[in-house]
Protein chains: 2
Amino acid sequence: MTNRSIVLAARPVGVPKQSDFRLEEAPVSSPGAGECLVKVHYMSVDPYMRGRISGRKSYAAPVEIGQVMVGASVGQVIESNSDRIAVGDYVTGALGWREYAIASAEDLRVVDASAAPLSAYLGVLGMPGLTAYYGLLKVAGIESGETVCVSGAAGAVGSAVGQIARLHGCRAVGIAGGSDKCSLVTGEFGFDAAVDYKSDGFFKTLRAATPDGIDVYFDNVGGPVTDAVFQQLNVRSRVAICGQISQYNAVDAPVGPRLLWHFITKRIRAEGFLVFDFRKHDDESLAQMAAWVRDGKLKYRETVAEGIENAAAAFIGMLGGANIGKQVVKLAGD
Amino acid sequence: MTNRSIVLAARPVGVPKQSDFRLEEAPVSSPGAGECLVKVHYMSVDPYMRGRISGRKSYAAPVEIGQVMVGASVGQVIESNSDRIAVGDYVTGALGWREYAIASAEDLRVVDASAAPLSAYLGVLGMPGLTAYYGLLKVAGIESGETVCVSGAAGAVGSAVGQIARLHGCRAVGIAGGSDKCSLVTGEFGFDAAVDYKSDGFFKTLRAATPDGIDVYFDNVGGPVTDAVFQQLNVRSRVAICGQISQYNAVDAPVGPRLLWHFITKRIRAEGFLVFDFRKHDDESLAQMAAWVRDGKLKYRETVAEGIENAAAAFIGMLGGANIGKQVVKLAGD
């Protein structure tokens, strides 16, 4: 059996290009003691990966040139040397951009393929869903009646943020790019309002959509969108800083209006966070998310690319906002 | 008796000018029921006043053209219609830039003129001292062994910040402008290190002075100084945003490197605060500060201007960093 994987061919400068990635082939090897061989059905491409392939110092070691791209996948175990995980089980884990992956059973989470489509474990029932959950409940701290604003509202994280906020009695205002995404945000995802940051009257519309200001801002985007939101923040507002996707392809250090003065006059608290800092709560949190999904209270969308040879294009498109909901790449399965 | 006061003559554009202020004379009036007439000995000029005379929306109503400048003063009661405060008592309060002030007894705090020089109640035993105390202990939360960095380290707030940090077992690193201020910071104020932001090798020196990074940053200054400090912040560091004096005279909206990405990779928490949000703790906090001052553990310096006619110059100079320690204006007394 041949295993295809995607390695980093060059460090991207600015917007990543196809030529920054390379497809490699090698025979599938056999799992060692305590390991499983997983046939990947879906792999995830996420904004954070842009940071991992830049040379910038960050919270995790970068992917080196020639190394397989990092990322979470979901698939089926086809060989197992573990007592805990059986052949046929469906699992998720940080398996990288490859069609077959070997991983220690300890690093795999068994998922219930009958409870939700497999790909959901990369989205609403995976890292993006947990990110939304923790950012709102553990970082920002939301209270019923507050106005919660989220940028990247049509994305995997953002779409969950607004819905979880509403499930807690908040008013949810989403910022997204384009009228299609905005329609989805207020329609399918049920936000109270959506604001198109690409439209001319963006700031005016944002003000109209937040007549009582903004109590919690969940930031996935950064840049000028966030500059505008800061104008609308209320006294004692909280900002959960999850991502800054508008800045990830920047070649020069991004520059913008200085925001710290707002912090004083409005006693803003802002905190950056990473989903894996809250790992000990994952079981409980995923159970809650799964219950909401099952009951139709938490909806999600996916954009699905097909074939590992299209993973780089899916990743590049996602960075530019081409996706709606979670961007995944389907490698196998029905 | 004639009362002299300083009113706002024009909204400053950029650096305030003498002509933005006007001295006015009027007869001293008599206190009403429950009020006291105070002869001011010292009045305070502080960075926050720059915000109060700009047109910008802020946490308090601006001083209008023709109104007396706001500010805290300390003086002696010369007439009293209050049961609680007697003629001869020394008091502090928000009395404005005037030689004689009438205030409700409820808005005055009686101070112990035998425990410390009167002017100290405008500095280390007043708003600036409390600001340092709350910013470290209530906002940032410091722990023994941490590195605490403060900008504006030779000023009224900053000098107290470093000393309080050291009293809690922290390493204190101060940033100040010029070698005289830096000598004072490590000498009189006993910081572990001082870094001159006006020197060529500022960032290199800052790095050398914070070999284990920075756990808590107490920001009085903002701008490029703060940009440099952000490079040195540790994972899970806290930023207490107290002031942004480098930005207060800006005519155009200040621009600088975007900082929010740092928040994510380092899980930074930043919070802006105002001293009066913690008012309920003032008695207890001032008692602690007074004990430290009495025991020689908390030192302070003052820059004293003489006469209300020099108040505007003192204020303008302070905004440019001409002061060392607390800038006050002496109006009466020994």
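For the structure itself, consult the block above.
The structure displayed is predicted, hence computed values, not measured ones.

**Topic: the overall build of chain A**
Here is step 1 of the chain: Looking only at helices and strands, chain A has nine helices and 16 strands in total.
Here is step 2 of the chain: For chain A, whose C-alpha radius of gyration is 20 Å, the value lies close to the compact-globule estimate of 20 Å for 334 residues.
Here is step 3 of the chain: Overall, the C-alpha framework of chain A stretches about 60 × 45 × 35 Å when taken along its three principal axes.
Here is step 4 of the chain: In chain A, which comprises 334 residues, the share counted as buried stands at 56%.
Here is step 5 of the chain: If you sum the accessible surface of chain A, you get close to 13500 Å²; carbon and sulfur atoms cover 48% of it.
Here is step 6 of the chain: Looking at chain A, you have 33 positive and 35 negative side-chain charges, and the mean spots of the two groups are 7 Å apart.

**Remarks on the pairing of strand 12 (residues 233-241) of chain B**
All names here are of chain B.
Here is step 1 of the chain: Where burial is concerned, most of strand 12 is hidden: seven out of the nine residues are buried.
Here is step 2 of the chain: Examined bridge by bridge, strand 11 (residues 214-219) and strand 12 share five bridges and lie parallel to one another. Residue pairing in the sheet places Ile 214 in a bridge with Leu 233 of strand 12.
Here is step 3 of the chain: Following the backbone out of strand 11, through helix 6 (residues 223-232) and into the adjacent parallel strand 12, one traces a crossover that is right-handed.

**What about empty space enclosed by the protein?**
Here is step 1 of the chain: Taken as a whole, this structure holds three cavities of 30 Å³ or more when the rule is applied.
Here is step 2 of the chain: By volume, the largest cavity amounts to about 170 Å³.
Here is step 3 of the chain: As for the largest cavity, its lining consists of 19 residues, of which Pro 257, Arg 258 and Leu 259 of chain A together with Pro 257 and Leu 259 of chain B are closest to the centre.
Here is step 4 of the chain: Mapped onto the lining of the largest cavity, the elements with two or more residues apiece are helix 6 (223-232), strand 13 (255-257) and helix 7 (260-266) of chain A together with helix 6, strand 13 (255-257) and helix 7 (260-266) of chain B.
Here is step 5 of the chain: Among the residues making up the lining of the largest cavity, the classes are represented as eight nonpolar, nine polar and two charged.

**A short note on unusual backbone geometry**
Residues and elements named next belong to chain B.
Here is step 1 of the chain: At Arg 236, a position not held by glycine, the phi torsion is positive, near 65°.
Here is step 2 of the chain: Residue Arg 236 is classed as partly exposed on the basis of its relative accessible area of 45%.
Here is step 3 of the chain: Even without glycine at this site, Arg 267 takes up a positive phi of about 50°.
Here is step 4 of the chain: With respect to the helices and strands, the residue Arg 267 is situated in the loop between helix 7 and strand 14 (269-272).
Here is step 5 of the chain: Taking the relative accessible area as the measure of exposure, Arg 267 reaches 12% and is therefore buried.

**With respect to the sheet that holds strand 8 (residues 147-151) of chain B**
Here is step 1 of the chain: Across the sheet, which stays open at both edges, the 12 strands sit in the order 10(A)-9(A)-8(A)-11(A)-12(A)-14(A)-14(B)-12(B)-11(B)-8(B)-9(B)-10(B) with mixed pairing between neighbours. Each edge of the sheet is formed by a strand with only one pairing partner; in this case those strands are strand 10 (193-196) of chain A together with strand 10 (193-196) of chain B. Neighbour-to-neighbour, the strand axes of the sheet open up by a mean angle of 15°, direction not taken into account.
Here is step 2 of the chain: Along the sheet face, helix 5 (residues 202-209) of chain A touches strand 8 (147-151), strand 9 (171-176) and strand 10 of chain A and points at about 170° away from the line of strand 10 of chain A.
Here is step 3 of the chain: Along the sheet face, helix 4 (residues 179-186) of chain B touches strand 9 (171-176) and strand 10 of chain B and points at about 170° away from the line of strand 10 of chain B.

**Points about the environment of Ser 29 of chain B**
All names here are of chain B.
Here is step 1 of the chain: Inspection of the secondary structure puts Ser 29 in the loop between strand 2 (21-27) and strand 3 (35-44).
Here is step 2 of the chain: Distance in space between the C-alpha atoms of Ser 29 and Tyr 100 is 9.0 Å, their sequence separation being 71 residues.
Here is step 3 of the chain: With residues near it in sequence (within four places) discarded, Ser 29 still touches Leu 37 and Ile 102.

**A word on the packing of aromatic side chains**
Here is step 1 of the chain: Here the structure, examined in full by the defined rule, presents 22 aromatic pairs over all chains.
Here is step 2 of the chain: Geometrically, the ring pair formed by Tyr 248 of chain A and Trp 261 of chain B is edge-to-face, given 5.2 Å between the ring centres and 70° between the ring planes. Residue Tyr 248 of chain A is located in the loop between strand 12 (233-241) and strand 13, and its partner Trp 261 of chain B is located in helix 7; the two belong to separate chains.
Here is step 3 of the chain: A centroid spacing of 5.9 Å and a plane angle of 85° characterise the contact between Phe 218 of chain B and Phe 273 of chain B, whose relative ring orientation is edge-to-face. Taken together, the positions of Phe 218 of chain B in strand 11 and Phe 273 of chain B in the loop between strand 14 and helix 8 (282-294) put the pair 55 residues apart, joining distant regions of the chain.
Here is step 4 of the chain: Judged by its relative accessible area of 0%, Phe 218 of chain B is buried.
Here is step 5 of the chain: Cluster of aromatic residues (ring-pair linked, three or more members): Tyr 133, Tyr 134, Phe 218, Phe 273, Phe 278 and Trp 292 of chain A.

The rules behind each value
- Residues numbered from 1 in each chain as written.
- Chains lettered and ligands numbered in written order.
- Predicted model: local features only at pLDDT ≥ 70, side-chain atom pairs only at ≥ 80, totals over all residues.
- Heavy atoms only, no water.
- Helix = DSSP H or I, 4+ residues; strand = E, 2+ residues; numbered from the N terminus.
- Rg over C-alpha atoms; globule rule 2.2 N^0.38 Å.
- Buried < 20%, exposed > 50% of the residue type's maximum accessible area, 1.4 Å probe, protein only.
- Areas by Shrake-Rupley, 256 points an atom, 1.4 Å probe, with all protein chains shown as cover.
- Lys, Arg positive; Asp, Glu negative; His and termini not counted.
- Charge placed at Lys NZ, Arg CZ, Asp CG, Glu CD.
- Pairing = 2+ DSSP bridges.
- Right-handed = clockwise from strand over helix to strand, strands pointing away.
- 1 Å grid on protein atoms, 1.4 Å probe; cavity = no way out; pocket = protein on both sides within 12 Å on 5 of 7 lines; lining within 4 Å.
- Points joined across faces, edges and corners; volume = space filled by probe spheres on them.
- Nonpolar A, V, L, I, M, F, W, Y, C, P; charged D, E, K, R; others polar.
- Axes fitted to C-alpha atoms, helices over the stretch in contact; angles between N-to-C directions.
- Contact = heavy atoms within 4.5 Å.
- Phe/Tyr/Trp six-rings, centres within 6.5 Å; stacked < 30°, edge-to-face > 60°.

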